[in-house]
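Structural description and commentary
If you want the building blocks of each chain, they are given just below.
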Amino acid sequence: QVQLVESGGGLVQPGGSLRLSCAASGSIFSIYAMGWYRQAPGKQRELVAVITSGGSTNYTDSVKGRFTISRDNAKNTVYLQMNSLKSEDTAVYYCASRVRGYYSSDAKNYEDWGQGTQVTVSS
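Reference entry: report on the structure contained in this document. Everything quoted here is computed from the prediction, not taken from an experiment. (Residues numbered from 1 in each chain as written. Predicted model: local features only at pLDDT ≥ 70, side-chain atom pairs only at ≥ 80, totals over all residues. Heavy atoms only, no water.)

Here we take up the packing of aromatic side chains. Here the structure, examined in full by the defined rule, presents 3 aromatic pairs. Ring centres 5.7 Å apart and planes at 75 degrees place the aromatic pair Tyr 37 and Tyr 110 in the edge-to-face group. Placement of Tyr 37 in strand E4 (residues 33-39) and of Tyr 110 in the loop between strand E9 (91-98) and strand E10 (112-113) is noted, with a sequence separation of 73 residues between them. You'll find Tyr 37 and Tyr 110 in the same group, each marked buried. Their ring planes at 65 degrees and their centres at 6.4 Å tell us that Tyr 110 and Trp 113 sit as a pair that is edge-to-face. Through a chain of ring-to-ring contacts, the aromatic side chains of Tyr 37, Tyr 110 and Trp 113 assemble into a single cluster. When the ring centre of Phe 29 is taken as origin, the NZ or CZ atom of Arg 71, which lies over that ring, is 4.6 Å away. The ring of Tyr 102 carries the charged tip of Arg 98 above its face, separated from the ring centre by 4.6 Å. (Phe/Tyr/Trp six-rings, centres within 6.5 Å; stacked < 30°, edge-to-face > 60°. Helix = DSSP H or I, 4+ residues; strand = E, 2+ residues; numbered from the N terminus. Buried < 20%, exposed > 50% of the residue type's maximum accessible area, 1.4 Å probe, protein only. Lys NZ or Arg CZ within 6 Å of the ring centre and 35° of its normal.)

Printed below as a string of structure tokens:
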């Protein structure tokens, strides 16, 4: 089991940037695939980005070119750098871990989740 704690959310103006962090503890972080999901009010949870144990990355189309997922295995932390933020990026952002280190877009395949961090993009 992995304990996940997100941080870095907040209020930002359109066009601004935020960096989310997700600190993991309790297991061998480097073998896990890590994902960032988000859920806006009244909408279903959606996958934002995934980074595999080998460092490969995948993004949902709406954030490609604006968001970057990365990981620091020495710090047991995964990051989501978000640039050129838009109002439609407003949501609660969750990180999730998957012990099978390869890519999956299905939230059911992620065993552990953080508590979420609110990102609000508004002028």
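To continue, consider the sheet that holds strand E7 (residues 67-72). What links the strands of a sheet is backbone hydrogen bonding, and the strands pair in either a parallel or an antiparallel sense. Spatial ordering of the open sheet is given by E1-E3-E8-E7, a layout of 4 strands whose pairing is antiparallel. Of all strands in the sheet, those bounded by a partner on one side alone are strand E1 (3-7) and E7. For this sheet, the mean angle separating the axes of adjacent strands, direction not counted, is 15 degrees. Examined bridge by bridge, E7 and strand E8 (residues 77-82) share 6 bridges and lie antiparallel to one another. Paired with Asp 72 across the two strands is Thr 77, which belongs to E8. (Pairing = 2+ DSSP bridges. Axes fitted to C-alpha atoms, helices over the stretch in contact; angles between N-to-C directions.)

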